Amino acid sequence: MPTAILADDERLMREQLRSRLEQVWPELQILDEAKNGEEAIQLVEKHQPDLIFLDIRMPIKTGLEAAKEIGNKAHIVFITAYDQYAIQAFDHGAVDYVLKPADVERLSKTVERLKSRLKAHDQPADMSNLLSQLAKQMGMSKPNYLQWIQASIGQELRLIPVEEILFFQSDEKYTRVQTANYEALIRKPVRDLSEELDPALFWQIHRSTLVNAKAISGVVRDLRGRHLVQVKGLTEKLEVSRSFVHLFKQM
């Protein structure tokens, strides 16, 4: 029975990948999960799996750093959000990859290749050149801003693409995540989100509010002289504090 380790710093991504793998490769035994590159290295040493699904961008040690240390101890399948440089490198190499979020059809193709390699008793690929290429290319790419938000909707945990979010608004305990169709709650405050989201997409208009610039339909002033942002598709308006009024001088 083939064995594997899953390594991704996002729990929801690990759960989704595990679920998809159970669909397309029920014989695969998932031995353990890692939340960072250092844990991934340790779990490979401990379990000696046939495969490791390894997220490229993780804390403590990245997937690239972990892959360098893992070497030929396991077949490596990289997990990545869309990155044209990374995918070009993978497509010209002997290493497989899975795009976030995992797609069943694409994952099935990866699984078939992995099955063939295991059946043929192929040795894990030498990735030294590929890792150097990826490290160089990804170092030149744009900052790694958040692409997904994990949020609670009742008892359900949902993965929300950031481009679908209209605004974030914090109170003392939670941050409201508002989309066109629903709202959800997270515990991460706006001050942390402002450092992790693309500032060209999300504008901070108040110490407690971030708004998607593409969702702004206009700015009005009320009878008290306050600037209020109108959000596409919503009747609710968001107050702009004096510190951020300059963002709308040209509107």
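Source: prediction; values computed, not measured. (Residues numbered from 1 in each chain as written. Predicted model: local features only at pLDDT ≥ 70, side-chain atom pairs only at ≥ 80, totals over all residues. Heavy atoms only, no water.)

Chemist: How should the nonpolar core be read in this particular structure?
Modeler: Looking at soluble globular proteins, one finds that nonpolar side chains tend to be buried together. Judged by nonpolar contacts, the single largest core of 22 residues is most densely connected at Ala7, Ile52, Leu54, Ala67, Ile70, Ile76 and Phe78. Among the nonpolar cores identified, the runner-up in size contains 17 residues, and Leu21, Val77, Ile79 and Leu114 belong to it. (Core = buried A, V, L, I, M, F, W, Y, C linked by side-chain atoms within 4.5 Å. Buried < 20%, exposed > 50% of the residue type's maximum accessible area, 1.4 Å probe, protein only.)

Chemist: It is not clear to me how unusual backbone geometry should be interpreted in this structure. Could you clarify?
Modeler: Trans is the common state for peptide bonds, and a negative phi is the common state for residues other than glycine. At glutamine 48, a position not held by glycine, the phi torsion is positive, near 50 degrees. Relative to the assigned elements, glutamine 48 resides in the loop between α2 (37-47) and β3 (51-55). Glutamine 48 gets classed as exposed once you look at its relative accessible area, which sits at 65%. One non-glycine residue, isoleucine 60, adopts positive backbone phi at about 65 degrees. Turning to its location among the elements, isoleucine 60 is positioned in the loop between β3 and α3 (63-70). (Helix = DSSP H or I, 4+ residues; strand = E, 2+ residues; numbered from the N terminus.)

Chemist: Explain the side chain of arginine 176 to me, please; I cannot follow it from the model alone.
Modeler: Here arginine 176 shows up in strand β9 (residues 175-179). Reaching out from arginine 176, the side chain makes a polar contact with the side chain of glutamate 183 at a distance of 3.3 Å. Here the side chain of arginine 176 touches glutamate 236 through a polar contact of 2.8 Å, side chain to side chain. Look past the residues within four positions of arginine 176 in its chain and what remains in contact with it is Phe167, Phe168, Gln169, Glu183, Ala184, Leu185 and Glu236. (Polar contact = N/O pair within 3.5 Å; in protein donor to acceptor, adjacent residues only side chain to side chain. Contact = heavy atoms within 4.5 Å.)

Chemist: For this particular structure, what's the right way to read the UniProt feature "modified residue: 4-aspartylphosphate" (unreviewed entry) in the chain?
Modeler: The UniProt entry lists Asp55 under the feature "modified residue: 4-aspartylphosphate" (unreviewed entry), expressed in the numbering used here. Contact partners of aspartate 55, with chain neighbours within four places excluded, come to Ala7, Asp8, Asp9, Gly63, Ile79 and Lys100. (UniProt positions renumbered as here; feature names shortened; annotations may be inferred.)

Chemist: I tried to follow the packing of aromatic side chains on my own but got confused; where do I start?
Modeler: The geometry of an aromatic ring pair is captured by two quantities: the separation of the ring centres and the angle between the planes. For the structure on display, the rule yields one aromatic pair. Here arginine 106 stacks its cationic end above the ring of tyrosine 97, 4.4 Å away from the centre of that ring. If you follow arginine 158 out to its NZ or CZ, it ends over the ring of tyrosine 182, 4.6 Å from the centre. (Phe/Tyr/Trp six-rings, centres within 6.5 Å; stacked < 30°, edge-to-face > 60°. Lys NZ or Arg CZ within 6 Å of the ring centre and 35° of its normal.)

Chemist: Sorry if this is basic, but what is going on with the packing of α2 against α3 here?
Modeler: Packed helices, taken two at a time, are described by the angle between their axes plus the distance between the axes. Between α2 and α3, the shortest axis-to-axis distance is 8 Å and the interhelical angle comes to 25 degrees. In this view, α2 runs roughly parallel relative to α3, as classed from their interaxial angle. The handedness of the crossing between α2 and α3 comes out as right-handed. For the pair α2 and α3, the contacting residues are Gly37, Ile41 and Val44 in the first and Ala66, Glu69 and Ile70 in the second. Its residues assigned to classes, the contact of α2 with α3 comprises four nonpolar, one polar and one charged. (Axes fitted to C-alpha atoms, helices over the stretch in contact; angles between N-to-C directions. Parallel < 35°, antiparallel > 145°, perpendicular 65-115°, else oblique. Left-handed = near helix turned anticlockwise from the far one by under 90°. Nonpolar A, V, L, I, M, F, W, Y, C, P; charged D, E, K, R; others polar.)

Chemist: Is there a simple way to think about the pairing of strand β7 (residues 156-161) in this case?
Modeler: Looking along a regular strand, one sees side chains alternate from face to face of the sheet. The pairing of strand β6 (residues 148-153) with β7 spans six bridges and is classified as antiparallel. The partner of serine 152 across the bridge, within β7, is leucine 157. Connecting the antiparallel pair β6 and β7 is a turn made up of two residues, with glycine 154 showing a positive phi of about 65 degrees. (Pairing = 2+ DSSP bridges.)

Chemist: What am I meant to see in the sheet that holds strand β15 (residues 237-240) here?
Modeler: Strand pairing in a sheet is mediated by backbone hydrogen bonds. Such pairs are either parallel or antiparallel. Spatially, the three strands line up as an open sheet ordered β13-β14-β15, and their pairing is antiparallel. Of all the strands in the sheet, the pair left with one neighbour each is β13 (216-221) and β15. Strand-to-strand twist across the sheet, computed as the mean angle between neighbouring axes with direction ignored, equals 30 degrees. Both β13 and strand β14 (residues 227-231) contribute to a ladder of five bridges, which runs antiparallel. Across the sheet, residue valine 219 finds its bridge partner in β14, namely valine 229.

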